[in-house]
Structures are given as structure tokens and as C-alpha cells.
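Here is how the chains run, residue by residue.
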Amino acid sequence: MLDTLHSQIGFALAALVAVLAFLKGDEPERIGAGAFVLGVFATLLLQGRSDLTGPRWGLIAVDLVFLGVCVALAWKSRRSWPVWACGFQSLAVTSHLLILVDLRPPLAAFYVAINVAGYGVLASIALGALAAWGDRRAAGLD
């Protein structure tokens, strides 16, 4: 839901990083940015305000799928940013696991961890796109 200023800023930042990755990044950055944006749209579709205390299975599935994409990129790519993205996305998945094992973290802490992880993934993709662009410029290909 894009009903708060924070969510609108986050969505705009995700869109800017995706545009940067698609215009200036190589294939791994494009795949990572595309998967992130698809995850953002899936999260927006699955979000609901009905049950704020229990596990949100749809959001867990989206985060696990994106973690799988990050792991595949880290495995196949020779770049370092997918490893950082995996670390940040693992933080988001771990936050979901805390809810699953019923440790009852404060809801604000859960949302802060998810948001910080998302911004970390975005920063990783943006830095990867800028590094790929710099490498191409240094080689005289761009």
C-alpha cells in the first residue's frame, strides 16, 4: 500500500535504482533489480491489514523467492554485490522466522528490520550497477 510518505519514498527509490540498473548495469544488475521490483509489486498485492500478529505466508514466500534469486546471482556472477544483497535479504527472512517461531518481537522492530534490509539490497544493486558502468567506461565500451 502506498498510503504513507515512507512507502512512497521507498517505492520511488526502488524505481530509481531499477532504472539505473536497467540503463547502466549489466545482466546481473538487471536481473536483481527486476526481481526486486517484482517483489515490491507482489508485496503490495499481498499486503493486508487484517492480521498483523501472525506469520504472513505470502510475504514470507516473496522474500524467500527473492533470497533464492540473490543466491543464484551470487553463485553465478563474479560480482560482490549479490553477496551483500544475500546478507541483507537474509536479515529480512530471519525477521520472518522470528515471527514463525513465536518469539514475539515488537512489531515496530520487525518492520524496521524489513525496511533496513530492503534499503541494503537497493544500495547493493545500485553500487553494483555503478561499478558495472564504471568498468565498461574504463574499458572504453560505453
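Residues numbered from 1 in each chain as written. Predicted model: local features only at pLDDT ≥ 70, side-chain atom pairs only at ≥ 80, totals over all residues. Heavy atoms only, no water.

Participant: How would you sum up the pattern of salt bridges? Please name residues and give values.
Facilitator: Tallied over the full model, the rule gives 3 salt bridges. Its salt-bridge partner being arginine 136, residue aspartate 26 comes within 2.5 Å of it at the nearest N-O pair. Of this pair, aspartate 26 sits in the loop between helix 1 (5–24) and helix 2 (27–46) while arginine 136 sits in helix 5 (residues 107–138), and the two are 110 residues apart along the sequence. Of the two residues, aspartate 26 and arginine 136, both sit in the buried class. Taken together, the salt bridges that share partners define one network made up of Asp26, Glu29, Arg79 and Arg136. (Salt bridge = Lys/Arg side-chain N within 4 Å of Asp/Glu carboxyl O. Helix = DSSP H or I, 4+ residues; strand = E, 2+ residues; numbered from the N terminus. Buried < 20%, exposed > 50% of the residue type's maximum accessible area, 1.4 Å probe, protein only.)

Participant: Now, about helix 2: what can you tell me, with residues and values included?
Facilitator: Over its 20 residues, helix 2 runs 28 Å from end to end, which matches the ideal 28 Å to within 8%, given 1.5 Å per residue. Among the residues of helix 2, Pro28, Glu29, Gly32, Ala33, Gly34, Ala35, Phe36, Gly39 and Val40 are the ones counted as buried. Those residues of helix 2 that are buried lie in contact with helix 1, helix 3 (57–76), helix 4 (81–100) and helix 5. (Expected span 1.5 Å × (residues − 1). Contact = heavy atoms within 4.5 Å.)

Participant: Could you give me a rundown of the packing of helix 1 against helix 5, with the residues and numbers involved?
Facilitator: Pairs of packed helices are described in terms of their axes, by the angle between the two and the distance that separates them. Where helix 1 contacts helix 5, the two axes come as close as 9 Å, and the packing angle between them is 25°. Judged by the angle between their axes, helix 1 and helix 5 are roughly parallel. The chirality of how helix 1 crosses helix 5 is left-handed. Here helix 1 contributes His6, Gly10, Leu13, Ala14, Val17, Leu20, Ala21, Leu23 and Lys24 to the contact with helix 5, which in turn contributes Asn115, Tyr119, Leu122, Ile125, Ala126, Ala129, Leu130, Ala132, Trp133 and Arg136. Its residues assigned to classes, the contact of helix 1 with helix 5 shows 14 nonpolar, 3 polar and 2 charged. (Axes fitted to C-alpha atoms, helices over the stretch in contact; angles between N-to-C directions. Parallel < 35°, antiparallel > 145°, perpendicular 65-115°, else oblique. Left-handed = near helix turned anticlockwise from the far one by under 90°. Nonpolar A, V, L, I, M, F, W, Y, C, P; charged D, E, K, R; others polar.)

These values are about where atoms sit, not about what they do.
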